[in-house]
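Here's the letter readout for the chains.
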Amino acid sequence: MPPSIHPVDLITALRHKQLTPAIVFLTSRRACDEAMETFDHADLMLPPARQEAIAVALERITVQHPSIAEHPLIPIVRRVGVAAHHAGHLPSWKIAIEELMRQGHLDAVFATTTLAAGVDFPARTVIITQSSIRKSRDFTDLTIGEVQQIAGRAGRRGKDHVGFAIITPSPYIDLTVLTKGLTGHPEAIDSQFTISYPMVLNLLKAHPHEQIQGILAKSFAQFQLNQRAELLEQKLDALHVQLEPFGPRVCTDWITQWQTFDHARRHRHTRHQVHRSESPEISARLPFLTPGRVVGLSRGRGIVLRQYRSKGQKNSMLTVLRPDNAVTECPVTSVKEIYDRTYDFAETPTYPWCSTETFDRLSHQLEELPPRLPLLPILLPSNTEPLPDAVVQSFGDFPCPTCPSRPACQKDFMTASRLRQEQQRHTKSIQALRTSLWHRFQERVEVLQTFGYLSPATQLTTEGEWARLIRIDHSLLITELIRAEAFTGADPSLLAGVLASLAHDDDRPGAFPRISPGLSSLLGQVRKLAESLSPYEDPPLLRADVAALVERWVADPTLTWIGLCRLTTMAEGDIYRLLARTLEFLSQVQALKATHPGLTESASQAITLIRRGVLEELP
C-alpha cells in the first residue's frame with residue numbers, strides 16, 4: 001500500500017526539516033516502484049552540482065557493474081536524489097544504491113523491510129508507513145525485532161547525534177503493534193537447525209555412530225530445546241507440590257486406582273452404549289440393588305421395588321417401599337447402606353411393580369425388621385461383563401467402597417486426576433524435548449539404510465560416499481535421480497532446467513516461455529520419483545514454466561539478459577536468484593567427478609553457459 005502522504009510531499013517536508021537522508025519503508029516492491037513513478041513529472045530537482053556528483057558516482061560504479069548502465073531509474077536518481085531498493089532489483093543495482101547512500105548523494109530511498117537487516121544502510125531518519133509485512137501471500141504484524149531493526153537504521157551514519165523514526169498516519173497502521181515493537185524486548189532467536197540426509201551421511205563419515213548423540217547435544221537447537229524442557233521441569237516441580245495433599249492414603253497410589261476404574265467405566269460406556277456416569281462405588285453397588293433388597297436411606301430404611309434409568313437421566317433410580325406403605329422414587333446415590341437381607345419378590349410390569357400379595361408381605365416385613373442388620377460385603381458382581389484385565393488385576397487392591405478414605409478420595413479425585421494427567425503430559429514433553437534431535441537423526445539413519453546409502457552397521461556404502469557431497473535441498477530426490485540414471489544423455493540445458501525446478505520454491509503465477517518436449521518428459525519422470533519419495537522428503541514444486549526459463553538461457557547463448565527478461569513477468573532480481581540457485585545446485589552435481597564423469601561434464605557446461613552477462617558481475 002502506498003504511504004498516506006504523497007511521496008513528493010514527504011521528501012519535500014523531510015528536506016525542509018533537515019531530516020534527510022531518509023529510508024521510507026513500504027509494504028511491497030510495487031509500492032516502492034509506484035512511489036518512484038510519482039517523481040516522473042514532479043518539479044522537485046536537485047541543484048546542478050549535486051546532480052553532477054551523482055552522475056560521476058554512477059559512472060564509477062557502472063565500470064564495475066555494466067548491467068546498471070541503462071537502468072530506467074537512473075534519470076530520477078540523478079535529478080531528484082531518491083531511489084528504490086528491493087528484492088526485485090538486480091544485486092548490482094542494489095549495490096549501486098547502497099554506495100550512493102553511503103557517499104551521501106541520496107536524500108531518500110524507498111525500500112521494503114528486507115533492507116532493515118543484513119545491509120549496512122544507515123540514514124538520519126526512517127519513515128515507518130506500515131505495521132504489517134507481506135509474507136508469502138498474507139500480511140502479518142511486524143514483530144518486535146523487525147520494528148527495532150527498522151528504527152535502528154536511523155542515526156547511524158557516524159555523524160548524527162540523534163536519529164529519527166517517524167510514523168506516518170494511515171488507516172492501515174496499528175499503533176499498538178508499533179508501540180510494542182519500539183518499547184518491548186525482541187523475540188528470542190529460534191534455531192532453524194534441521195537434520196538433513198547429507199548431514200547424517202557426513203556426520204557418520206567423520207564420527208562413530210555412538211558419538212553423534214553427544215555432538216547433537218552441543219548444538220544451539222538442543223540448547224533451546226533444553227531451555228523449553230527446563231521450563232516444563234519447573235512446572236513439574238510446582239505440580240509435585242500441588243499433588244502433595246493427594247499423597248498415599250490406604251492405597252499407595254489411589255489416584256491410579258480411581259483412574260483405572262474411571263477408564264473402565266468410560267470404556268464400557270463406549271462399547272455397550274449404556275449411559276452410566278456413576279462413581280466406581282455406585283457402579284459396584286448397582287448389581288445388588290435388586291427388587292426385594294433392604295437398603296438404608298438418609299431417613300430410615302426401605303425395600304427396593306425396582307431399579308431403572310429413564311431416558312436422559314445420568315444416574316440410576318430406585319423405586320423404594322418405605323414404612324407406612326409409602327412408595328418413593330430416589331437416585332441410587334441416596335442409598336447409604338446395603339444390607340445383607342432380601343425378600344422373595346414377584347415382579348409386575350406396572351405400579352407398584354410387584355403383586356398385591358408381595359406388596360402387603362413386604363410392608364409387614366419392613367415393619368418387623370430388627371434394629372441392626374448385617375451389611376452386605378460388596379464383591380465383584382458375578383453377572384456383569386468381564387472388566388479389562390488391568391481393572392481385574394487391580395480390583396483386589398481397590399478398597400472401595402468400604403475403605404475409610406473413600407469419601408476423601410471421591411471428593412479429591414477430579415482435582416488429583418487433572419494434576420496427575422498434567423504431570424504425565426509434562427513428563428512426556430520433557431522426554432521428547434531432551435531426545436527429539438537424536439530421534440530425528442535415527443529416523444534419517446533408518447531411511448538411508450533402507451535406500452542403501454548406509455550399511456546396517458551405519459557405515460557409508462559406495463552410494464553413500466558420493467551422496468554425502470549433495471548438500472542441497474531435496475538431496476534424496478537428486479541422489480535417487482542420479483542412481484536411476486535419469487540424467488543420462490541429458491544435455492546441459494535439460495539438466496539446468498530440472499535443477500532450476502528443484503531450486504525454485506515460489507508458487508506465485510507468472511508468464512514464462514514454452515517448455516521443450518525433452519524437458520517436459522524428463523520433469524515427468526522427476527515428478528513420479530518425487531511422489532514416491534514423499535514419505536521421506538517433501539516433494540518440490542517442480543514448476544515446468546520456471547524450468548523452461550533456465551533451459552532457454554542455457555540453450556541459447558545468443559540470448560541477452562534483456563531478451564531473457566522479456567520472456568517472463570518475473571522481476572530481474574527474482575530471475576537472478578533463480579539462476580544463482582541453479583548454479584549452486586549444478587556446482588554440487590559437479591562435485592561428483594570421480595563417480596559420475598558424464599554428469600559432471602554436463603553440469604560444468606551448464607555452469608559456463610549460465611555465467612554470462614549480469615551473472616558475470618558478481619562472484
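As shown above, the structure is provided for reference.
Here is a short report on the structure shown in this document. (Residues numbered from 1 in each chain as written. Predicted model: local features only at pLDDT ≥ 70, side-chain atom pairs only at ≥ 80, totals over all residues. Heavy atoms only, no water.)

**Thoughts on the packing of helix α20 (residues 544-555) against helix α22 (residues 572-590)**
For clarity, the threshold we go by: Here, axes are lines fitted to C-alpha atoms. For helices the fit covers the stretch in contact, and angles between N-to-C directions go from 0 to 180 degrees. Secondary structure elements are defined from DSSP: runs of H or I of at least 4 residues count as helices, runs of E of at least 2 residues count as strands, and each element is numbered from the N terminus. Each angle receives one of four descriptions, namely roughly parallel if under 35 degrees, roughly antiparallel if over 145, roughly perpendicular if within 65 to 115, and oblique otherwise. Pairs of residues are marked as contacts when any of their non-hydrogen atoms sit within 4.5 Å. Amino acids are sorted into nonpolar (Ala, Val, Leu, Ile, Met, Phe, Trp, Tyr, Cys and Pro), charged (Asp, Glu, Lys and Arg) and polar (every other residue, Gly among them).
One way to put it is that α20 packs onto α22 with a least axis distance of 11 Å and a crossing angle of 75 degrees. Looking at the two axes, α20 sits roughly perpendicular to α22. Together, Val-546, Leu-549, Val-550 and Trp-553 of α20 and Ile-575, Leu-578, Leu-579 and Thr-582 of α22 make up the contact between the two elements. Counted by class, the contact of α20 with α22 contains 7 nonpolar, 1 polar and no charged residues.

**A short note on the sheet that holds strand β3 (residues 108-111)**
Strand pairing in a sheet relies on backbone hydrogen bonds. The paired strands run either parallel or antiparallel. Applicable threshold: Note on pairing: two strands pair once DSSP finds at least 2 bridges between them.
Ordered in space as β2-β3-β1-β4-β7, the 5 strands form an open sheet in which the pairing is parallel. With partners counted over all chains shown, the strands left at the sheet margins are β2 (82-85) and β7 (164-167), one partner each. On average, each strand axis in the sheet is tilted by 20 degrees relative to the strand beside it, whichever way the strands run. Looking at chain direction, β2 and β3 are connected through 4 bridges and run parallel. Each residue of the ladder has a partner; that of Val-82, found in β3, is Ala-108.

**Observations concerning a nonpolar patch on the surface**
This is how the line gets drawn: Like-charged residues are merged into a patch within 9 Å and nonpolar side chains (Val, Leu, Ile, Met, Phe, Trp, Tyr) within 5 Å, provided each residue has over 30% relative accessible area and no salt bridge. Only the protein chains shown count as cover for residues, and all accessible areas are computed by the Shrake-Rupley method using a 1.4 Å probe. Any Lys or Arg side-chain nitrogen located within 4 Å of an Asp or Glu carboxyl oxygen qualifies as a salt bridge.
On the surface, Ile-167, Leu-175 and Leu-182 cluster together into a nonpolar patch covering about 240 Å² of accessible area. Topologically, Leu-175 is positioned in helix α7 (residues 175-183).

**Examining the sheet that holds strand β11 (residues 326-331)**
Pairing in this open sheet of 5 strands is antiparallel, and the strands run β11-β10-β9-β8-β12 from one edge to the other. The open sheet has two edge strands with one neighbour each: β11 and β12 (335-342). Along the sheet, successive strands turn relative to each other by an average axial angle of 40 degrees, direction set aside.

**Quick look at the pattern of salt bridges**
What counts here: Only protein chains enter the calculation, and the probe is 1.4 Å; a residue is then buried if its accessible area is under 20% of its type maximum, exposed if over 50%, and partly exposed in between.
Taken as a whole, this structure holds 18 salt bridges when the rule is applied. Across the salt bridge formed by Glu-465 and Lys-205, the nearest N and O atoms sit 3.1 Å from each other. Taken together, the residues span a long stretch of sequence, with Glu-465 in helix α16 (residues 462-467) and Lys-205 in helix α8 (residues 197-206) at a distance of 260 residues. Judged by its relative accessible area of 29%, Glu-465 is partly exposed. In this structure Lys-205 comes out as partly exposed when scored by relative accessible area, which is 42%. Between Arg-434 and Glu-233 there is a salt bridge, with the nearest N and O atoms lying 3.1 Å from each other.

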